[in-house]
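The residues making up each chain are set out below.
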Amino acid sequence: MFPFAPNAPRRPRVRLRPAGAAALALGLAAVTGCSGGGSGSADDTVKIGLVASLSGTYEPVGTELRDGFKLYLDTHGNKLGGRKAELIVADEGDGPPTAVPAATKLVKKDKVDVLTGLVGGGSVNGVLPLIQQAKIPFLGSNARPPVKDIEYVWTTSFLSDEPGKAIAPYIKEKVDGPVYAIGPDYQGGHDELRGFTEEFKRVKGKLANPDGKTTWTPFPKTTNFMPYFAEIAKTDAKAVYCFYAGKAAIDFAKQYAQSDIADLPLYTAFVTEGSVLQAQGPAAKDIYSVLNYAADLDNEANRTFAADWTAEHDTQPTTYAMASYDAAAVLDKAIADAAKDGDVTPQTINKAIAGLGQIDSPRGAWEFGDKAHSPVQTWYLRQVRPDGSKLANVMVQDLATLGS
């Protein structure tokens, strides 16, 4: 069940204007004259640029990144660090060809002080040169690939290889035999599956794939997974591990339940996370997933977050929404700290982020690691089980603490 009383009192909220797919401005007053981009604002307004997939395969993920950040602003008077916040949202689409122009406009034309969001690892890589040139902090709120120059790069989510790395030892212990690995053929898929296969090999696990390597499905055009399931059925696989999200996750789960391998345990990262679970319906029952968040975690920060999210959306909150909500929380603290020391600029905000220490979060307390600027955090095993009249990702146990 949700870790809060359904009729618990809600905090006052400021209703938001409907969000468009191209751009959204939030603020308590007009922000004309806001300089952004490194020199602060005449009216003490901070500009935040958020790039997320509001169209394409990962629209369900991008929408929750946007809504998680908006929820924090909504429940904190549309202010960050005591200053008015203007949020400008742009569409990432399916990757770099649309993500890079969207981010470029935010940085060069809109002159935002901070960039956040980005669903895909390829999008992150595509935008990095812009971040490094402009010297503004990028606070990513979804899985991030390894980055060499991290001075202005942070993530409130995780590194892309960590989910697989966290669950591999558990799968090795629980599955009596080889495991088949499958995922989408693009940067994020490569990172996610690499984390699993490398750690699975390290703990002496064996892949059921005929060549001992992950099977890749073309992205984003693969919608029929049945031929792949037929190939898995020909192997000696005792379980399957995969990563899919958004619309691909719906297709994968529904077809898996109707395939010749439906009786094989399915371990995943993200396949049942978010609004896709409702679309998957009974096909998702019993699927295991590994994530850094579960909606039923019992801590004060999560009770507040989950109650506010459910009041607004009438669904369980997700790791996508949580990480973006945390990005706003990080900026709230960092901007306040920067203001204490003088001017609020991209550079002073970035310096303040580095000195924040522990963050009180719905996922449990975490802090940025020095090596990769990613959260040092706990990973959880969840399973899709009935929760009242609906199916939900229910927390089963802690798996590992990772981060750097």
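Residues numbered from 1 in each chain as written. Predicted model: local features only at pLDDT ≥ 70, side-chain atom pairs only at ≥ 80, totals over all residues. Heavy atoms only, no water.

Engineer: What's the story with the overall build of the chain in this structure? I'm lost.
Structural biologist: Counting its regular elements, the chain contains 11 helices and 14 strands. Contacts in the chain between residues far apart in sequence, at least 24 positions, make up 72% of those at least 6 positions apart. When the accessible surface of the chain is summed, it comes to about 15900 Å², and 50% of that surface belongs to carbon and sulfur atoms. (Helix = DSSP H or I, 4+ residues; strand = E, 2+ residues; numbered from the N terminus. Contact = heavy atoms within 4.5 Å. Areas by Shrake-Rupley, 256 points an atom, 1.4 Å probe, with all protein chains shown as cover.)

Engineer: Whenever I open this one, the pairing of strand β4 (residues 114-117) confuses me. Can you help?
Structural biologist: Each regular strand displays side chains that alternate between the two surfaces of the sheet. The alternating pattern of β4 places Val 114 and Thr 116 on one face and Leu 115 and Gly 117 on the opposite face, and all of these are buried. Relative to strand β5 (residues 138-140), β4 runs parallel, the two sharing three bridges. Across the sheet, residue Gly 117 finds its bridge partner in β5, namely Gly 140. Since β4 and β5 lie parallel, the crossover through helix α3 (residues 121-134) that links them has a hand, and here it is right-handed. (Buried < 20%, exposed > 50% of the residue type's maximum accessible area, 1.4 Å probe, protein only. Pairing = 2+ DSSP bridges. Right-handed = clockwise from strand over helix to strand, strands pointing away.)

Engineer: For this particular structure, what's the right way to read unusual backbone geometry?
Structural biologist: Working note: non-glycine residues mostly have negative phi, and peptide bonds are mostly trans. Geometrically, the link from Phe 219 to Pro 220 is a cis peptide bond, its omega value of 5 degrees lying close to zero. Relative to the helices and strands, Pro 220 is located in the loop between β8 (215-218) and α6 (226-233). Positive phi values are uncommon outside glycine, yet Leu 118 reaches one of about 70 degrees. Among the secondary structure elements, Leu 118 is positioned in the loop between β4 and α3. Phi is positive for Lys 135, which is not a glycine, with a value near 55 degrees. By the secondary structure assignment, Lys 135 is in the loop between α3 and β5.

Engineer: Help me understand helix α11 (residues 346-354) in this model?
Structural biologist: Each α-helix turn comprises 3.6 residues. Residues three or four places apart therefore point the same way. Among the residues of α11, those classed as buried are Pro 346, Ile 349, Asn 350, Ala 352 and Ile 353. Down the axis of α11, the buried side of the element spans an arc of 160 degrees, and every buried residue falls inside it. In α11, the exposed positions angled more than 90 degrees off the buried face are occupied by Lys 351 and Ala 354. Turning to α11, the residues buried within the fold contact β4, β6 (153-155), α10 (319-341) and β12 (367-368). (Arc of directions from axis to C-beta.)

Engineer: Just checking my understanding: could you explain the nonpolar core for this structure?
Structural biologist: What tends to happen in soluble globular proteins is that the nonpolar side chains get buried as a cluster. Grouped together as the largest cluster of nonpolar side chains are 75 residues, with contacts concentrated most on Phe 69, Leu 80, Tyr 241 and Leu 331. For this core, the element with the most residues is α10, which contributes 12 residues. In terms of nonpolar packing, the next biggest core, distinct from the first, is built from 23 residues, Tyr 244, Phe 252, Tyr 256 and Ala 284 among them. (Core = buried A, V, L, I, M, F, W, Y, C linked by side-chain atoms within 4.5 Å.)

Engineer: Even after reading the chapter, I still don't get the sheet that holds β6, so can you show me in this structure?
Structural biologist: The strands making up a sheet associate through hydrogen bonds between their backbones, and the pairing can be parallel or antiparallel. Read from one edge of the open sheet, six strands run β2-β3-β1-β4-β5-β6, paired in mixed fashion. Where the open sheet ends on each side, the last strands, each with one partner, are β2 (79-80) and β6. When β5 meets β6, the two strands line up parallel, connected through three bridges. Looking at the pairing, Leu 139 lines up with Trp 154 of β6.

Engineer: What exactly am I supposed to notice about empty space enclosed by the protein here?
Structural biologist: The method is simple in principle: a probe with the dimensions of a water molecule rolls over the atoms, and the space it marks as empty is what remains. Considering all chains together, one arrives at three cavities of 30 Å³ or more under this definition. Taken together, 15 residues make up the lining of the largest cavity; nearest its centre are Val 119, Asn 142, Ala 143, Tyr 186 and Phe 243. Grouping the constituent residues of the lining of the largest cavity by class yields nine nonpolar, five polar and one charged. (1 Å grid on protein atoms, 1.4 Å probe; cavity = no way out; pocket = protein on both sides within 12 Å on 5 of 7 lines; lining within 4 Å. Points joined across faces, edges and corners; volume = space filled by probe spheres on them. Nonpolar A, V, L, I, M, F, W, Y, C, P; charged D, E, K, R; others polar.)

Engineer: Just checking my understanding: could you explain the pattern of salt bridges for this structure?
Structural biologist: Any two side chains of opposite charge can pair, given that their charged atoms come close. Counted according to the given criterion, the structure contains 14 salt bridges. Lys 285 is the salt-bridge partner of Asp 286, the closest N and O atoms lying 3.6 Å from each other. Under the relative-accessibility criterion, Asp 286 is labelled partly exposed at 40%. Arg 303 is the salt-bridge partner of Asp 298, the closest N and O atoms lying 2.4 Å from each other. (Salt bridge = Lys/Arg side-chain N within 4 Å of Asp/Glu carboxyl O.)

Engineer: Before we go on, may I ask you to explain the environment of Ala 90 in this structure?
Structural biologist: Relative to the helices and strands, Ala 90 resides in strand β3 (residues 83-91). Distance in space between the C-alpha atoms of Ala 90 and Leu 54 is 8.1 Å, their sequence separation being 36 residues.

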